[in-house]
Amino acid sequence: VFSARAGPRGSLNALAVARARRLAAGLPLLDLTQTNPTQVGLSAPLAPLTVPEAYTPEPLGAWSAREALAAHVGLDPARLLLCASTSEAFSWLFTLLADAGDEVLVPHPGYPLFDDLARLAQVTPRPFALDFDGQRFGLEPELLRRAATPRTRALVLVSPANPTGQRLTEVELHAAAEVCARHGWALILDEVFRDPELHGLPSRASLPCLTFTLGGLSKSCGLPQLKLSWVSVSGPGAAEALERLEHLADTFLPVNTPVMHALPGLLEAGRDFRGRLRARLSRNDAALRASWRPGEAWQVLPREAGWLACLRVPEQPQEEARCLALLDAGVAVQPGYFFDFPRGAWLVVSLLPEPQVLDAALEALRRGAVDELR
Ligand SMILES: Cc1ncc(COP(=O)(O)O)c(C=O)c1O
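Residues numbered from 1 in each chain as written. Predicted model: local features only at pLDDT ≥ 70, side-chain atom pairs only at ≥ 80, totals over all residues. Heavy atoms only, no water.

A word on the layout of surface pockets
Taken as a whole, the largest pocket holds about 1600 Å³ of empty space. Along the wall of the largest pocket there are 50 residues; nearest its centre are Tyr111, Pro112, Leu113, Asp116 and Gln334. Counting residues per element, the lining of the largest pocket draws most heavily on helix α4 (residues 113-120), at four residues. Classifying every residue of the lining of the largest pocket gives 28 nonpolar, 14 polar and eight charged. (1 Å grid on protein atoms, 1.4 Å probe; cavity = no way out; pocket = protein on both sides within 12 Å on 5 of 7 lines; lining within 4 Å. Points joined across faces, edges and corners; volume = space filled by probe spheres on them. Helix = DSSP H or I, 4+ residues; strand = E, 2+ residues; numbered from the N terminus. Nonpolar A, V, L, I, M, F, W, Y, C, P; charged D, E, K, R; others polar.)

Things to note about the site of the ligand
Inspection of the region around the ligand gives Ser85, Thr86, Ser87, Tyr111, Val158, Asn162, Asp190, Val192, Phe193, Ser218, Lys219 and Ser229 as its neighbouring residues. One of the side-chain N or O atoms of Thr86 is found 2.6 Å from an oxygen atom in the ligand. One of the side-chain N or O atoms of Asp190 is found 2.5 Å from a nitrogen atom in the ligand. Here the ligand has 390 Å² of accessible area as a free molecule, and 88% of this is covered by the chains. Mapping the ligand onto the cavity grids shows that it belongs to the largest pocket. Among the elements of the structure, α3 (86-97) and α8 (217-220) are those that each provide at least two residues to the shell around the ligand. A breakdown of the residues in the shell around the ligand according to their chemical character gives four nonpolar, six polar and two charged. (Near = heavy atom within 4 Å. Polar contact = N/O pair within 3.5 Å; in protein donor to acceptor, adjacent residues only side chain to side chain. Areas by Shrake-Rupley, 256 points an atom, 1.4 Å probe, with all protein chains shown as cover. Sits in = over half its atoms within 2 Å of the grid points.)

Some details on the pattern of salt bridges
This structure, assessed with the given rule, holds 24 salt bridges. The residue Arg271 makes a salt bridge to Glu268 at a minimum N-O spacing of 3.2 Å. Here Glu268 and Arg271 lie together in helix α10 (residues 257-290), a separation of three residues that amounts to about one turn. In this structure Arg271 comes out as partly exposed when scored by relative accessible area, which is 40%. Taking the relative accessible area as the measure of exposure, Glu268 reaches 42% and is therefore partly exposed. Glu372 is paired through a salt bridge with Arg367; the nearest N and O atoms lie 3.6 Å apart. Taking relative accessible area as the criterion, Glu372 reaches 39% and is therefore assigned partly exposed. Each of Asp195, Glu197, Glu268, Arg271, Arg274 and Arg278 takes part in salt bridges that share partners, so that together they form one network. (Salt bridge = Lys/Arg side-chain N within 4 Å of Asp/Glu carboxyl O. Buried < 20%, exposed > 50% of the residue type's maximum accessible area, 1.4 Å probe, protein only.)

Quick word on the packing of α10 against helix α12 (residues 355-369)
Between α10 and α12, the least distance of the axes is 10 Å, while the angle of their chain directions is 20 degrees. Between α10 and α12, the crossing angle belongs to the class labelled roughly parallel. Crossing of α10 over α12 shows right-handed handedness. In contact with Arg280, Arg283, Asn284, Ala287 and Leu288 of α10, α12 contributes Pro355, Leu358, Asp359, Leu362 and Leu365. Among the residues making up the contact of α10 with α12, the classes are represented as six nonpolar, one polar and three charged. (Axes fitted to C-alpha atoms, helices over the stretch in contact; angles between N-to-C directions. Parallel < 35°, antiparallel > 145°, perpendicular 65-115°, else oblique. Left-handed = near helix turned anticlockwise from the far one by under 90°. Contact = heavy atoms within 4.5 Å.)

Here's the deal with the sheet that holds strand β14 (residues 334-335)
Strand order in the open sheet formed by four strands is β11-β12-β15-β14, and the pairing between neighbours is antiparallel. This sheet does not close on itself; its edge strands, each paired only once, are β11 (299-300) and β14. (Pairing = 2+ DSSP bridges.)

Here's the deal with empty space enclosed by the protein
Under the definition given, this model contains eight cavities of 30 Å³ or more. Along the walls of the largest cavity sit 19 residues, with Val73, Arg194, Pro196, Ser220 and Trp230 positioned nearest its centre. Put simply, the parts of the chain that give the lining of the largest cavity at least two residues each are α2 (63-73), β9 (211-216) and α10. Looking at the lining of the largest cavity, the element that brings in the most residues is β9, giving four residues. Classifying every residue of the lining of the largest cavity by side-chain character gives 10 nonpolar, six polar and three charged. Lining the second largest cavity are 17 residues; nearest its centre among them are Pro107, Leu130, Val158, Ala161 and Gln166. Elements with a contribution of two residues or more to the lining of the second largest cavity: β6 (137-138) and β7 (152-158). Here the residues of the lining of the second largest cavity are counted per class, giving 10 nonpolar, five polar and two charged.

What about the packing of aromatic side chains?
Tallied over the full model, the rule gives 11 aromatic pairs. With centroids separated by 5.3 Å and ring planes inclined at 85 degrees, the aromatic side chains of Tyr111 and Phe114 adopt a geometry described as edge-to-face. Given the relative accessible area of 32%, Tyr111 is considered partly exposed. Given a relative accessible area of 1%, Phe114 falls into the buried group. Each ring, one from Tyr337 and one from Phe338, has its centre 5.3 Å from the other, and the planes form 90 degrees; the classification is edge-to-face. Under the relative-accessibility criterion, Phe338 is labelled partly exposed at 26%. (Phe/Tyr/Trp six-rings, centres within 6.5 Å; stacked < 30°, edge-to-face > 60°.)

Shown next as structure tokens:
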């Protein structure tokens, strides 16, 4: 009775089983996979939201909210669409741009949910490798062309990237947009980890292809519980894309009115959140790097932005064995294969946890990275 694409969740992997066992036994866990900003002492109290009695459906989102957002993110309110989450935005964009069996290019290493989001939209995710020079995962247009097929409809780029943290340079962005324009692909630019105070405001006016830029409250203001994200549409074909998206959005109308009304205040409070977040990330990043001892064969990838640190470790023992040994030592980290690193062995560590959690985990993490835990 069920469709093939809405398959069951599948069985838990060895790491999830070991973690669940540890927690069920009441053993402590220093969780360096924690990326929920509401669980790490960075949140401030929220004012209660006002619930208006009357409801006026506006498929692109309340105009007042789009204006407030436009002022904050430097985008055109008429070209903004609100939705409940960035994941929802992806699902709508895949539906807008691709028919069943068409393909979208997604970066590897990258955020694993893209594959599920594409498949649910009956679109095939086709990975392209980011180009690793030993320090940074960059964008190489030739690798895009190699991964593409006649069924490619869109390119997904993430900046700052998850998990590797690099920001696209202007040269990389324009080169990718040129490839998109030449092949008639749309560009979906996921900027959920963009920090406007550090990275400036986006300027998309000059890209030569249809471009969708995505952001949301969950990462930029640390408010995943409020469920509000946005898409800015620009480039050739933007007006028609927006009209079609409006129709799509009208079918669901997922954004609640109280959060749209509260948006100006929430965006303002976001500045303070990002201040606390920046301090946390740079403090934890420095502590992690300081745990490396000269001569050890592991490396913390230089970090440009984002919430994660990527540790390159020797290929033996394998990532999963290292993560299991770390779990036994009471520390949870993610293996690189969750993110499809094309080469090498990697551990991915969240820099979001409270400093005392990270500090308590550092010695075990170092021993796990040099294989002294077994
Ligand atoms: C790169 C990237 N894009 C999108 C999302 C989803 O964000 P949202 O909470 O807005 O659905 C995440 C969540 O971690 C992410 O890492």
